[in-house]
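# Residue-level structural notes
Chain residues, written in single-letter form:
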Amino acid sequence: MSYEDKISDTLTKIGAIITRGWYSVSERPERPPFGKELEYKVDELFWGKIHLRNEGDLYVLVISKDIFNWKDKISQLKVKGEIEDAAGGLLWLKEDLDNLEEDMKYLKEYLSSLKK
């Protein structure tokens, strides 16, 4: 099973829907791709992208459906991935495939708890 397939399987395990499969991304149209992305959605809680660099670095973009600033929530988050950026409704995590499932489950539960 490819690395991309393992990522896709991890997302579907937590109940995510892949809304757009893997596609190449580059800085500009004339430049060679530096990575791949897929787009996903988790219930009515959040959506985003999984970004896989050619060198193997894995990033997760989380866009919350409910409007709040992730920057205000950083101290509460208990994710194993490294928080790269948080602003407005956007959260970027640098992840490891071994922790992806656990962190995505955690974010799903965390955002569900905020709705209550």
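- Per an unreviewed UniProt entry, the protein goes by the name Succinate dehydrogenase and belongs to Sulfurisphaera ohwakuensis.

## A look at the packing of aromatic side chains
- Across all of its chains, the model carries 4 aromatic pairs by this definition.
- Within the aromatic cluster, the residues linked to one another by ring pairs are Phe68, Trp70, Tyr106 and Tyr110.
- The cationic tip of arginine 20 hangs over the ring face of tyrosine 23; the distance from NZ or CZ to the ring centre is 3.6 Å.
- The ring of phenylalanine 68 carries lysine 73 above its face, with NZ or CZ at 5.3 Å from the centroid.

## Some points on the side chain of glutamate 95
- In this fold, glutamate 95 is placed in strand E6 (residues 90-95).
- Despite its burial, glutamate 95 remains without a salt bridge, the nearest opposite charge being carried by lysine 80 at 9.3 Å.
- Not counting the four nearest positions on each side in its chain, glutamate 95 is found in contact with Leu58, Val60, Gly81, Leu100 and Asp103.

## Some words on the sheet that holds strand E3 (residues 46-53)
- Strand order in the open sheet made by the 6 strands is E1-E2-E3-E4-E6-E5, with antiparallel pairing throughout. The open sheet has two edge strands, strand E1 (16-25) and strand E5 (82-87), and neither has a second partner. Adjacent strand axes in the sheet meet at a mean angle of 15° when their direction is disregarded.
- Strand direction decides the pairing type here: E3 and strand E4 (residues 58-64), joined by 7 bridges, are antiparallel. Residue pairing in the sheet places lysine 49 in a bridge with leucine 61 of E4.

## Side note on the side chain of serine 8
- Take serine 8: it is sitting in helix H1 (residues 3-13).
- For serine 8, the side chain forms a polar contact with the side chain of tryptophan 22, separated by 3.4 Å.
- Among all residues touching serine 8, those that are not within four sequence positions of it are Ile18, Trp22 and Leu38.

Reading guide: rules and limits
Residues numbered from 1 in each chain as written. Predicted model: local features only at pLDDT ≥ 70, side-chain atom pairs only at ≥ 80, totals over all residues. Heavy atoms only, no water. Phe/Tyr/Trp six-rings, centres within 6.5 Å; stacked < 30°, edge-to-face > 60°. Lys NZ or Arg CZ within 6 Å of the ring centre and 35° of its normal. Helix = DSSP H or I, 4+ residues; strand = E, 2+ residues; numbered from the N terminus. Buried < 20%, exposed > 50% of the residue type's maximum accessible area, 1.4 Å probe, protein only. Lys, Arg positive; Asp, Glu negative; His and termini not counted. Salt bridge = Lys/Arg side-chain N within 4 Å of Asp/Glu carboxyl O. Contact = heavy atoms within 4.5 Å. Pairing = 2+ DSSP bridges. Axes fitted to C-alpha atoms, helices over the stretch in contact; angles between N-to-C directions. Polar contact = N/O pair within 3.5 Å; in protein donor to acceptor, adjacent residues only side chain to side chain.

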